[in-house]
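Here is what each chain is made of, one letter per residue.
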Amino acid sequence: MDLSIGEVAERSGLSVHALRFYEREGLFANPVRRLSNGRRIYHEEDLEWLAICTKLRSSGMSLAMIRQYIELVRGGPGNELERLELLRRHESHVETQIRELQEALDVMRFKVRLYEEHVARGEADQLWNPSHPDAARARTHQECRPPQGA
C-alpha cells in the first residue's frame, strides 16, 4: 500500500519536515520512491523502519551511527556480527545514560523531600544559600547532596 508523506507523518508522529530531513540525511533503510510527478511514496516497511530509527535517535544514537547501521543492513547478509557489535556499543551507551539519569533522579528526589520537609516546618529560610555569610557553617549543607545510599 502506497502512503503519502502526510500519511506517514500522521502515522509515525514525525513532521513532514522531519521526514524530509531523514530522507536528506540518508536515514531511510530503503530509498524513498517518487512518482513521475516527484511526490514521495512510502510503504509499511518505511513506517516500521521509522519506528526503529526514532527510538535509536531518542536513545542518543548519532546520525553517523544510524547511517553506519543502515549501510550494514543495506549490505545484506554477511555483516550481522558488525551490526551486532554496533548495537551492543549503543546498548552500553544507553545503559550508562540510564545510570547517570537514575543518579540525577535520586538527587532530585532527595532535594524535593528536603524542601518539602523544610517548607512544612516553616524553615525554608534555613536551606543552604552559598551567598549567605553563614553558609560555610550552616548545618543545611546536607542540601548539596543526598546521603550515601539515599
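Placed above this text is the structure.
Residues numbered from 1 in each chain as written. Predicted model: local features only at pLDDT ≥ 70, side-chain atom pairs only at ≥ 80, totals over all residues. Heavy atoms only, no water.

Trainee: Go over the overall build of the protein, please, and point to the residues and values.
Mentor: Along the backbone of the protein there are 5 helices and 2 strands. Starting at the N terminus and walking to the C terminus, you meet the elements of the protein as α-α-β-β-α-α-α. In the protein, which comprises 150 residues, the share counted as buried stands at 27%. The long-range share in the protein, meaning contacts at least 24 apart out of those at least 6 apart in sequence, stands at 48%. In the form shown here, the protein has an accessible surface area of approximately 10,200 Å², with 54% of it arising from carbon and sulfur atoms. (Helix = DSSP H or I, 4+ residues; strand = E, 2+ residues; numbered from the N terminus. Buried < 20%, exposed > 50% of the residue type's maximum accessible area, 1.4 Å probe, protein only. Contact = heavy atoms within 4.5 Å. Areas by Shrake-Rupley, 256 points an atom, 1.4 Å probe, with all protein chains shown as cover.)

Trainee: So what's going on with helix 3 (residues 44–58)? Which residues, and what values?
Mentor: Counted at 1.5 Å a residue, the expected span for helix 3 with its 15 residues is 21 Å, and the 21 Å between its end C-alpha atoms agrees. For helix 3, every residue scored as buried is listed here: D46, L47, W49, L50, C53 and L56. Buried positions along helix 3 lie against helix 1 (5–12), helix 2 (16–24), strand 1 (33–34), strand 2 (40–41), helix 4 (63–74) and helix 5 (80–120). Remark: G60 follows helix 3 within two positions and exhibits a positive phi of approximately 100 degrees. (Expected span 1.5 Å × (residues − 1).)

Trainee: Which residues make up the packing of aromatic side chains, and what values go with them?
Mentor: In the structure shown here, the tally under the stated rule is 3 aromatic pairs. Considering the side-chain rings of F21 and Y22, the 6.3 Å spacing of their centres and the 70 degrees angle between planes classify their relative orientation as edge-to-face. A relative accessible area of 28% places F21 in the partly exposed class. We classify Y22 as buried; its relative accessible area is 9%. On the basis of an interplanar angle of 20 degrees and a centroid distance of 6.1 Å, the ring pair of W49 and Y69 is categorised as stacked. Of this pair, W49 sits in helix 3 while Y69 sits in helix 4; the two residues are 20 residues apart in sequence, bridging distant segments of the chain. Using a relative accessible area of 9% as the deciding quantity, one classes W49 as buried. (Phe/Tyr/Trp six-rings, centres within 6.5 Å; stacked < 30°, edge-to-face > 60°.)

Trainee: Describe helix 2, naming the residues involved and giving the relevant values.
Mentor: Among the residues of helix 2, those classed as buried are A18, L19 and Y22. End-on view of helix 2: buried residues confined to an arc of 100 degrees, all on one side of the axis. Of the exposed residues in helix 2, the ones pointing more than 90 degrees away from its buried face are H17 and R24. In this structure, the buried residues of helix 2 make contact with helix 1 and helix 3. The first or second residue beyond helix 2 is G26, which carries a positive phi of 70 degrees. (Arc of directions from axis to C-beta.)

Trainee: Hey, could you go over the environment of L19 for me, with residue numbers and the actual values?
Mentor: Take L19: it is sitting in helix 2. Owing to a relative accessible area of 0%, L19 belongs among the buried residues under this scheme. For the pair L19 and I5, spaced 14 residues apart in the sequence, the C-alpha separation amounts to 7.6 Å.

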